[in-house]
Amino acid sequence: MSTSVQDLITQEQERQESTIQLIPSENYTTPEVMAAVGSVFMNKYSEGYPHKRYYEGNEIVDQIELLAQERAKELFHVPHVNVQPYSGSPANAAIEMALMEPGDTFMGLQLASGGHLTHGHPKVTFGGKFFHSEQFGLNDEARIDIEGLRKLAKKVQPKVIIIGNTAYPFELNFEIFAEIAEEVGAWLVADISHVAGLVVSGEHPDPVPYAHVVMTTTHKTLRGPRGAMILVTEKGLDRDPKLGDKIDKAVFPGLQGGPHNNTTAGIAIALEQAAQPAFKEYGQQIRKNARALAARLQTNGLKLVGDGTETHLMIIDVREWGGGTQLAYAMAQAGLVANKNTVPDEPNSPFYPSGVRIGTPSVTTRGMKEAEMEQIADWITEIEKLTRQFDLPKDKTQRKMILQAAREWAEQAPELKRIREEVRELCAQFPMYE
Ligand SMILES: *Cc1c(COP(=O)(O)O)cnc(C)c1O
């Protein structure tokens, strides 16, 4: 039996078309972006920067990179931008490398509180291994513990504070973080990978007036190709006029070789699309949908971390029965694709976490609105009730067995099969691509 790559692409397309995509970091990029990413820009080597290349034949590549830079500067109101990072993680590594020497101290939001691995997660990550990382967390209301952060900053005197989130449902108040960074003389880096699309549509506080450096991926709410950008703000250049050069040198030759010019072309297109009035409406609807989804889940009796959302995402809290893994798996069987996630003060383990993270960027791209969010919330509620029979046993030796039983149940449960068909019908009304 042999499967062709084309068959697998068709199957993946069918999977995406017929399921409801609730992972908050994913989106459906546009056909124009995909065409650019699949274009002949793929073929060209361009180590260096516009007009300073190590290879001949880059006259046109220079134009595409300058165009992407110009559009990013205009959209985010910054004086300097680097569009070459291969993705968000290498971009954060470049920022860390530009602003610190090995062994220097920096601070980030811990993973279990909704931060990202690249914000200094200890031991296993680049940041955690080559620098000294100190992590802050949340208070009792599941919000970033500002006073704890301030105390820690005063104690450890970090060179850099990174503020950003992947599983934190609330807005980030960059003004407060800037105040603390100033008090200890640290660089403030804002990682807006998840919320960049909300920032440009005016639906999330803008870090640019407060941070020295801003990083964003281009494929999440920004809806472009997989990639990232590093923005240097006026404030950053005021503190160090060479900051732009330092960032550029850390990206190339510090960490990377040739830029992915095809991605750069896709970024240029996505930035133009994000500057249109329709994108502002998109950002507004992402949040309206998130609020509608959260409200209906709560009316239905489900618990959410922090009691709700101010952004595009929320975390369903099932610590009562320990069912993050079981619920995410059962939802996927019904065509509702999300991911299991830890909750604050996770009582179990990251392998059997007590939450499920869901978000609205993808469903909003498909044109779904509040009414569809209520339908999705009702399906999730029904599945959560059914899945409770597989509560996580305290006895660790029994956990594998229960999870296996939950899987076997989910694969044949008639209720999930019924919802799967209903999901398919809803998806047909909201095609990924018109
Ligand atoms: C997604 C994300 C990243 C990493 O991006 P990759 O493209 O997956 O490497 C970094 N920081 C934050 C806050 C993110 O959400």
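Calculation rules
Within every chain, residues take consecutive numbers counted from 1 along the sequence as written. With the structure being a predicted model, the display of local features is reserved for residues of pLDDT at least 70 and the display and counting of side-chain atom pairs for 80 or more, all residues being used for whole-chain, interface and lining totals. Side-chain descriptors were evaluated using all non-hydrogen atoms of the structure, hydrogens and water having been removed beforehand. An automatic or database domain assignment is the source of the domain bounds shown. Note on contacts: a residue pair qualifies if any of its non-hydrogen atoms lie within 4.5 Å across the two residues. Summed over both partners, the accessible surface that disappears when two parts come together, traced with a 1.4 Å probe, is what is meant by buried area. What counts as a salt bridge is simple: a side-chain nitrogen of Lys or Arg found within 4 Å of a carboxyl oxygen of Asp or Glu. In the scheme used here, Gly and all other residues not listed as nonpolar or charged are polar, with Ala, Val, Leu, Ile, Met, Phe, Trp, Tyr, Cys and Pro taken as nonpolar and Asp, Glu, Lys and Arg as charged. Secondary structure counts use DSSP, requiring at least four H or I residues in a row for a helix and at least two E residues in a row for a strand, with both numbered from the N terminus. A pair of strands is considered paired only if DSSP assigns at least 2 bridges between the two. As a rule, the C-alpha atoms of each element are fitted with a line to give its axis, helices using only the stretch in contact, and angles between N-to-C directions run from 0 to 180 degrees. What a helix is expected to span follows from its residue count: subtract one and scale by 1.5 Å. For each residue, the accessible area found with a 1.4 Å probe, counting protein chains only, is set against the maximum for its type, and the residue is called buried under 20%, exposed over 50%, and partly exposed in between. The aromatic pairing rule takes the rings of Phe, Tyr and Trp, using the six-membered ring of Trp, and pairs them if the centres are within 6.5 Å, calling planes under 30 degrees apart stacked, those over 60 edge-to-face and the rest tilted. Working definition: residue near molecule or strand if any one of its non-hydrogen atoms lies within 4 Å of it. Polar contact is defined as a pair of N or O atoms within 3.5 Å, subject to the rule that within protein one atom must be able to donate a hydrogen and the other to accept it, and that residues adjacent in sequence are counted only when both atoms are side-chain atoms. Here the Shrake-Rupley method, with its probe set to 1.4 Å, supplies the accessible areas, and only the displayed protein chains count as covering residues.

By the assigned domains, the protein splits into domain 1 (31–274) and domain 2 (280–428). A separation of 30 Å is found between the C-alpha centroids of domain 1 and domain 2. Contact residues are listed per partner, giving 19 residues for domain 1 and 23 residues for domain 2. Taken together, both faces of the contact between domain 1 and domain 2 bury some 1,800 Å²; the carbon and sulfur share is 58%. A per-residue breakdown of the area domain 1 buries against domain 2 is headed by P169, E203 and R223, which together make up 30% of the total. Joining domain 1 to domain 2, the criterion identifies three salt bridges. With a closest N to O distance of 2.9 Å, E310 and R143 form a salt bridge. When grouped by side-chain class, the residues that make up the side of domain 1 that touches domain 2 number nine nonpolar, five polar and five charged.

So, on to unusual backbone geometry. The step from F252 to P253 runs through a cis peptide bond, and the omega angle for that step is 5°. Here P253 lies in helix α10 (residues 243–255). At A142, a residue that is not glycine, the phi angle is positive and equals roughly 65°. Take A142: it is sitting in the loop between β6 (132–136) and α6 (146–156).

The strand order across the open sheet formed by seven strands is β4-β10-β9-β8-β7-β5-β6, and the pairing between neighbours is mixed. For this open sheet the edge positions go to β4 (80–82) and β6, each flanked by a neighbour on one side alone. Averaged over neighbouring strand pairs, the angle between their axes works out to 20° when direction is ignored. Sheet analysis places strand β7 (residues 160–164) next to strand β8 (residues 187–191), joined by five bridges and oriented parallel. Bridge assignment links V160 to a residue of β8, and that residue is W187. Contacts from helix α3 (residues 59–76) reach β4 and β10 (228–232) within the one sheet, and its direction differs from that of β4 by about 125°. Sheet contacts for helix α4 (residues 88–99): β5 (105–109), β7, β8, β9 (213–217) and β10; angle to β9, the most-contacted strand, approximately 165°.

Hydrogen bonding along the main chain pairs the strands of a sheet, whether they run parallel or antiparallel. An order of β11-β14-β13 is seen for the three strands of this open sheet, with the pairing classed as antiparallel. Each of the sheet's edge strands pairs with one partner strand only, and the pair in question is β11 (313–317) and β13 (339–341). The average undirected angle you get between the axes of adjacent strands in this sheet is 40°. Here β11 pairs with strand β14 (residues 355–359) via five bridges, running antiparallel.

The next point concerns α3. Here α3 contains 18 residues, and its C-alpha end-to-end distance of 26 Å stays within 8% of the 26 Å for a straight helix at 1.5 Å per residue. Within α3, burial applies to V61, D62, I64, E65, A68, Q69, A72, L75 and F76. On its buried side, α3 packs onto β2 (48–49), β3 (52–53), β4, α8 (196–200), β10 and α11 (261–274). Of the residues one or two after α3, H77 is the one with positive phi, at around 55°.

As enumerated under the stated definition, the model contains 26 salt bridges in all. The partner of R287 in a salt bridge is E203, with the nearest N and O atoms 2.9 Å apart. Pair noted here: R287 is in helix α12 (residues 277–299) and E203 is in the loop between α8 and β9, with a separation of 84 residues, a long-range link. Residue classification places R287 among the buried residues on the basis of a relative accessible area of 15%.

The next subject is the packing of aromatic side chains. Inspection of every chain in the model, using the stated rule, returns eight aromatic pairs. An angle of 50° between the planes, with centres 5.6 Å apart, marks the rings of F390 and W409 as tilted. Of the two residues, F390 is situated in the loop between α15 (370–387) and α16 (399–412) and W409 in helix α16; the sequence distance between them amounts to 19 residues. The class of F390 is buried, set by a relative accessible area of 9%. Relative accessible area serves as the criterion here: at 14%, W409 is assigned to the buried category.

Let us look at the site of the ligand. Taken together, 14 residues surround the ligand, and among them S87, S89, D191, H194 and K220 come closest. Between the ligand and the protein, one listed contact pairs an oxygen atom with a side-chain N or O atom of S89 at 2.6 Å. A distance of 2.7 Å separates an oxygen atom of the ligand from a polar side-chain atom of K220. Within the complex, 87% of the 380 Å² of free accessible area of the ligand lies under protein. Of all the elements, α4 adds the most residues to the shell around the ligand, at three residues. Of the residues in the shell around the ligand, the class split is no nonpolar, twelve polar and two charged.

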